[in-house]
Amino acid sequence: MDETNRFALMIDALTELAEEEQTHLTSPAPGLPTLHSVLADASPLPPEAIYLGFAEDGLPVLLNLYDPIPGPVLICGDQASGKTALLQMIARAVELLHIPSDVQSAIITQYPDEWKKFQGHQNTVGVYTTQENTTQELLQSLVTWAHNNKGDGQSILLLIDDLEVLTKLDPQTEQNLRWLFLRGPSRRVWPIVTINASRARNVEEWLNFFRTRLFGSMQETNDRRLVTGASADFPAQIVPGSQFAMREGNDWLKFWKPAIN
């Protein structure tokens with residue numbers, strides 16, 4: 001069986017599962033391919049590409065680190081929609097696809113235990129807890145590094161799991177964060193940030209920084225309207241924990257997060 005047919009059969013099965021599941025589903029859909037297998041099938045990928053998942057036709061969804069136009073990336077969805085899992089998959093894909101001198105990840109989270117497997121890896125700058133002073137120092141050091149980086153060489157992914165908490169720190173940290181959102185991608189610092197859809201109103205002023213948004217499942221119409229700018233055409237049947245969607249012009253691209261093995 002060729003790759004196209006294999007992916008088509010898998011997607012048909014997963015779509016049928018989504019239609020059968022109730023709205024309280026919180027675990028990833030079974031049967032998803034592993035990250036290792038998907039990357040093996042997709043290889044070789046461009047060296048400037050960050051892997052985000054695979055579309056319903058099996059093709060990879062990528063972010064070009066050499067093109068700053070998309071800007072920082074927002075991952076938004078309900079609780080248990082898979083936001084943290086997608087962030088972790090992105091970090092794992094960096095480990096599998098890139099050498100540290102090309103791409104590294106810096107991780108900021110309220111729950112460092114969820115990121116223990118990334119501690120000490122060569123592609124990981126570090127795992128930082130939101131309220132620690134080292135987090136403020138990290139952001140300051142990234143601003144300094146970006147000021148000196150003219151867009152050549154290494155890229156840094158700034159993975160922030162829960163934007164709301166980080167925006168409540170001191171004014172200097174807030175200023176550094178704003179600068180990284182505005183200028184970071186043009187200097188090879190790429191913020192990729194999660195926010196709970198039900199809490200997005202608390203950081204509404206920050207949403208304008210994000211032209212590129214990846215959406216997990218969202219049940220409330222008001223939440224969808226706030227983070228997407230529309231609600232009526234939001235894709236139905238997004239599987240919590242496994243599936244996301246992003247706008248492509250006037251259309252929606254739905255894609256899957258492979259399992260981390």
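In the block above lies the structure referred to throughout.
In this text the structure is predicted, and so the values were computed from the model without any measurement.

Remarks on the overall build of the chain
And step 1. On a plain count of helices and strands, the chain comes out with seven helices and 10 strands.
And step 2. By the burial criterion, 54% of the 261 residues in the chain qualify as buried.
And step 3. Partitioning the intrachain contacts of the chain with sequence separation of at least 6 by distance along the chain shows that 65% fall at a separation of at least 24.
And step 4. For the chain, the exposed surface amounts to about 12,100 Å²; the carbon and sulfur share of it is 48%.

Re unusual backbone geometry
And step 1. Residue Ser43 is joined to Pro44 through a cis peptide bond whose omega torsion reads 0 degrees.
And step 2. Position of Pro44 among the secondary structure elements: in the loop between α2 (35-42) and β1 (49-55).
And step 3. One non-glycine residue, Asp162, lies in positive phi territory at about 100 degrees.
And step 4. Tracing the sequence through the fold places Asp162 in the loop between β6 (155-161) and α5 (163-166).

Considerations on the packing of aromatic side chains
And step 1. Scanning the model with the defined rule gives nine aromatic pairs in all.
And step 2. When the ring centre of Phe118 is taken as reference, the NZ or CZ atom of Arg92 above it lies at 4.3 Å.
And step 3. In this structure, Arg178 packs its charged tip against the face of Trp206, placed 4.3 Å from the ring centre.

Here we look at the environment of Glu132
And step 1. As for its placement among the helices and strands, Glu132 is situated in the loop between β5 (124-129) and α4 (133-148).
And step 2. A C-alpha to C-alpha distance of 9.9 Å links Glu132 and Gln110, two positions 22 residues apart in sequence.

Cut-offs applied
Residues numbered from 1 in each chain as written. Predicted model: local features only at pLDDT ≥ 70, side-chain atom pairs only at ≥ 80, totals over all residues. Heavy atoms only, no water. Helix = DSSP H or I, 4+ residues; strand = E, 2+ residues; numbered from the N terminus. Buried < 20%, exposed > 50% of the residue type's maximum accessible area, 1.4 Å probe, protein only. Contact = heavy atoms within 4.5 Å. Areas by Shrake-Rupley, 256 points an atom, 1.4 Å probe, with all protein chains shown as cover. Phe/Tyr/Trp six-rings, centres within 6.5 Å; stacked < 30°, edge-to-face > 60°. Lys NZ or Arg CZ within 6 Å of the ring centre and 35° of its normal.

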